[in-house]
Amino acid sequence: MTQPTATIIELDSGKAAPEQEQTCKSPVLPLVISELCYEANQQRLLKYVSCTLTAGNSTIILGPNGAGKSLLLRICQGLIAPASGNISWSGLNPVQARPYVAMVFQKPVLLRRSTAANIDYALAARGVPRKQRRERVTEALELTNLNHLARRSARVLSGGEQQRLAIARAWVTQPEVLLMDEPTSKLDPGASYAVEQLISAIRKQGTKVIMTTHDMGQAQRLGDEVLFLNRGRLLEQTPAKIFFERPQSKQAAAFISGELLY
Amino acid sequence: MSDLSSAFGTAASLILHLDADLLEIVLLSLQISLLATLFAALIGMPLGAALALYRFPGRGFIVAMLNAFMGLPPVVVGLVVYLLLSRSGPLGPLGLLFTPTAMVIAQFMLAAPIIAALTQQTVADLNEEYDEQLRSLGAGPLRAMRTLLWDGRFSLLTAVLAGFGRVSAEVGAVLIVGGNINHVTRVMTTTIALETSKGNLALALALGLILIGLSITLTFTAQSIRDTAYRHYH
């Protein structure tokens, strides 16, 4: 059976990587995804997805609902197993790569403890000694502008604050890669702006961001390259600038122009 | 009717004057039931959490048995513990029969399945929400178990209360393994049964009122702690 292949355009022909990004070698990048399939309830939800994601740029995964964007992130994080295909984080499988790869969920689960304790938990779970944790928690609180809420119970924070806390909790472990599943989908414009600023700051520190979103404007603001998924198939891997100016697939063109894809 | 009102009067007087015998019985009852509940929680909670989180052969059977044991007849538990602790039983040499320790063991056996089964359910429900997040944060199985027990603490308080309610109200098991010996193993429920059969309604009634009062006070206290804490942590 011949499988459709995504249109791949080399990144260097598109938008340049941010100037301040670090260029040190990453232990888990490139991420190589080969012929990845996922099935549930006898339905194939991801179909032969293949791509390579490299260090030094941010990747936005775009596509309509049900395209398989969140599934792809969850498989990359080793939270669910694919039906077939392979994921290689520079030779490591997703579970082995987890210490280097953090994830922010669309609806993050905040633990029933304070804001600071939530961040501390992520460090403790990674085995960071107690002595080092306090300083790193403070640093994460400062980055996300949550210092004044350090002692507040995490569950009573506003939606935007909760999402910033989820990002702080993921970022504090100093991951090489940050996977983000629609981090602003439930936020108002003000809170979304704050989260976008935070993501930009994290990108500039050299962390590879791989993020799903429905928001085309956000994809243009934050993305260096775009993966376009539709009905479980990867149709494009394109530098963001080119994706929005000259989409290669008719589905992507329809998606960008706001047509309903079904 | 006048018998009843005089019994109420005597009961009130016994309670107000902190009658020494009455106090001894109440304190021993509390000591035994609280200890049994404490041990049941220490064993039942990790057991329930492990059953919620780990998959292994026979797990379904154990969960079904735990649920069935929530309704164990206290007299049967008393009988089993009696057989274990009696002179010819496997634990006979320990000489525990007709001691408060034997009563703690019997009540532990009644409370542990309740606490374990309710914990299993609570932790399983919570894990639906937490599982991927905790794995993503790098939490191993033991840390995940501790986290779920801690984050489910408000619901688990209800499990512990259910266990305490069960043992503080039962009479069959402690009567069989304790023997209702005056000043040694006499607790509120066994005394109520004994004094009622002797026609001494006043003492029986006084103890009955205290038992109900303690139960209500404990439940209200626990509920208000839970509500306040829940509002704080959501």
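First, a word on scope: everything that follows refers to the structure included in this document. No experiment lies behind these values; they were computed from the predicted model shown. (Residues numbered from 1 in each chain as written. Chains lettered and ligands numbered in written order. Predicted model: local features only at pLDDT ≥ 70, side-chain atom pairs only at ≥ 80, totals over all residues. Heavy atoms only, no water.)

**Concerning the state of the cysteines**
Residues and elements named next belong to chain A. We count it as follows: When two cysteine sulfur atoms lie within 2.5 Å, the pair is treated as a disulfide.
Overall, the coordinates contain zero disulfides over all chains when judged by the stated rule. Not part of a disulfide, Cys-37 finds its nearest cysteine sulfur in Cys-51, a span of 13 Å. Of the cysteine sulfurs around Cys-76, a residue in no disulfide, the closest is that of Cys-51, at 7.5 Å.

**A short note on the packing of helix H3 (residues 59-69) of chain B against helix H5 (residues 100-137) of chain B**
Residue and element names in this part refer to chain B. We apply this condition: Axes, fitted as lines to C-alpha atoms, cover a helix only where it is in contact. Angles between the N-to-C directions of the axes lie from 0 to 180 degrees. Each helix is a run of H or I in the DSSP string that is no shorter than four residues. Each strand is a run of E no shorter than two, and both are numbered from the N terminus. If an angle is under 35 degrees, it is roughly parallel; if it is over 145, roughly antiparallel; if it lies from 65 to 115, roughly perpendicular; otherwise it is oblique. By convention, the crossing between two helices is left-handed when the near helix turns anticlockwise from the far helix through less than a right angle, and right-handed when the turn is clockwise. What makes two residues a contact is simply this: any of their non-hydrogen atoms within 4.5 Å. Three categories are distinguished: nonpolar for Ala, Val, Leu, Ile, Met, Phe, Trp, Tyr, Cys and Pro, charged for Asp, Glu, Lys and Arg, and polar for the others, with Gly belonging to the last.
As a packed pair, H3 and H5 sit with axes 8 Å apart at the nearest point and diverge in direction by 125°. Classified by the interaxial angle, the pair formed by H3 and H5 is oblique. As for the relative orientation of H3 and H5, their crossing is left-handed in sense. The residues of H5 that touch H3, namely those facing Arg-59, Val-63, Leu-66, Asn-67 and Phe-69, are Pro-113, Ala-116, Ala-117 and Gln-120. The residue makeup of the contact of H3 with H5, split by class, is six nonpolar, two polar and one charged.

**Observations concerning the packing of aromatic side chains**
As a reminder of what qualifies: A pair of Phe, Tyr and Trp rings is counted when the ring centres sit within 6.5 Å of each other, with Trp represented by its six-membered ring. The angle between the planes then sorts it: under 30 degrees is stacked, over 60 is edge-to-face, the rest tilted. When accessible area is computed with a 1.4 Å probe and restricted to protein chains, residues below 20% of their type maximum are described as buried, those above 50% as exposed, and intermediate ones as partly exposed. By the criterion adopted, a ring carries a charge over it if an Arg CZ or a Lys NZ lies within 6 Å of its centre and within 35 degrees of its normal.
Here the structure, examined in full by the defined rule, presents four aromatic pairs over all chains. With a centroid separation of 5.8 Å and an interplanar angle of 40°, the aromatic rings of Phe228(A) and Phe243(A) are classed as tilted. One end of the pair, Phe228(A), is in strand E9 (residues 225-230); the other, Phe243(A), is in helix H8 (residues 240-245), and 15 residues separate them in sequence. As far as burial versus exposure is concerned, Phe228(A) and Phe243(A) are alike and both buried. The interplanar angle of 50° and the centroid separation of 5.3 Å between the aromatic rings of Phe228(A) and Phe255(A) together place this pair among those described as tilted. Residue Phe228(A) is found in strand E9, and its partner Phe255(A) is found in helix H9 (residues 250-256); the two are separated by 27 residues along the sequence. The residue whose ring lies beneath Arg153(B) is Trp150(B), and the NZ or CZ to ring-centre distance is 4.0 Å.

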